[in-house]
Amino acid sequence: MIKKLLIRLKAKKEEKVLKENRRKEKKEQLKKDSSYIVSENANPDNILIDTCALSCKRGTKVIDSSERVNVLYTVIAEMDKKKADIKRKKHKSWQEEGILFSNILKYSKEMLENSKYILIQYGCNDQKEYTDDIILKYLKGIPKRKRPTLLTADKLLAVKAKCLNLDFILINPEDEEKNTNTAKNNKQKNKDINQKSIEEKEL
């Protein structure tokens, strides 16, 4: 009986060590990637998402690989508002905000079906308060050892989190912009090459 108990405790301890090592490895990978700015004790396996984290592939990559994704009611309400806004002005901003719209639909479904999404009834009575402030207030009220890491693409929100000693993963907007510009430049370069090729053939 005691032997079985000791074996179980040993297995549990080993599992905990493996889990911690996986978390550290994930964090180090994110730190090496210039697409992210990561705080010292960030935990990619226990995150709390901001709406703008759904606006790019780098955000959804972290969400998909995380073991636990916390979502506040206030963020769900903001997603709903964003979805309605994008739909209303679709003809003007679809190229810029189409990814966010698609991801809101996709991850709303996942939140219903996947148990790794923890939906938290927080902020439903604070509709007049700024969503970012509600997120920070919630995180500040959670004990440090249980506190999730904020995932956001909002640089100022990450700065506020750092000021309050809260852990965060910031999807680096400068890197995002740089990659977008590179892609645009490459597209234009290819277009110019194709145009030159067509002109040469015509000659």
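Everything numeric here is computed off the predicted structure, so don't read it as measured data.

Caption draft 1: The sheet that holds strand β3 (residues 68-72), seen in detail. If you trace the six strands from one edge of the open sheet to the other, you get β1-β6-β5-β2-β3-β4, paired in mixed fashion. The open sheet has two edge strands with one neighbour each: β1 (36-38) and β4 (117-120). The average angle at which neighbouring strand axes cross in this sheet is 25°, direction not considered. Relative to strand β6 (residues 168-171), β1 runs antiparallel, the two sharing three bridges. By the bridge assignment, Tyr36 is partnered in β6 with Ile171. Docked against the sheet, helix α3 (residues 73-88) engages β2 (46-49), β3 and β4, running at close to 75° with respect to β3.

Caption draft 2: Region of the structure containing the nonpolar core. In this structure, Ile47, Ile49, Ile63, Leu150, Leu151 and Ile169 are the most contacted members of the largest nonpolar core, which totals 40 residues. The element contributing the most residues to this core is helix α4 (residues 90-113), with five residues. If sequence neighbours within four positions are ignored, Ile169 has contacts with Leu30, Tyr36, Ile37, Val38, Ala42, Pro44, Ile47, Val62, Thr149, Leu150, Leu151 and Thr152.

Cut-offs and rules
Residues numbered from 1 in each chain as written. Predicted model: local features only at pLDDT ≥ 70, side-chain atom pairs only at ≥ 80, totals over all residues. Heavy atoms only, no water. Pairing = 2+ DSSP bridges. Helix = DSSP H or I, 4+ residues; strand = E, 2+ residues; numbered from the N terminus. Axes fitted to C-alpha atoms, helices over the stretch in contact; angles between N-to-C directions. Contact = heavy atoms within 4.5 Å. Core = buried A, V, L, I, M, F, W, Y, C linked by side-chain atoms within 4.5 Å. Buried < 20%, exposed > 50% of the residue type's maximum accessible area, 1.4 Å probe, protein only.

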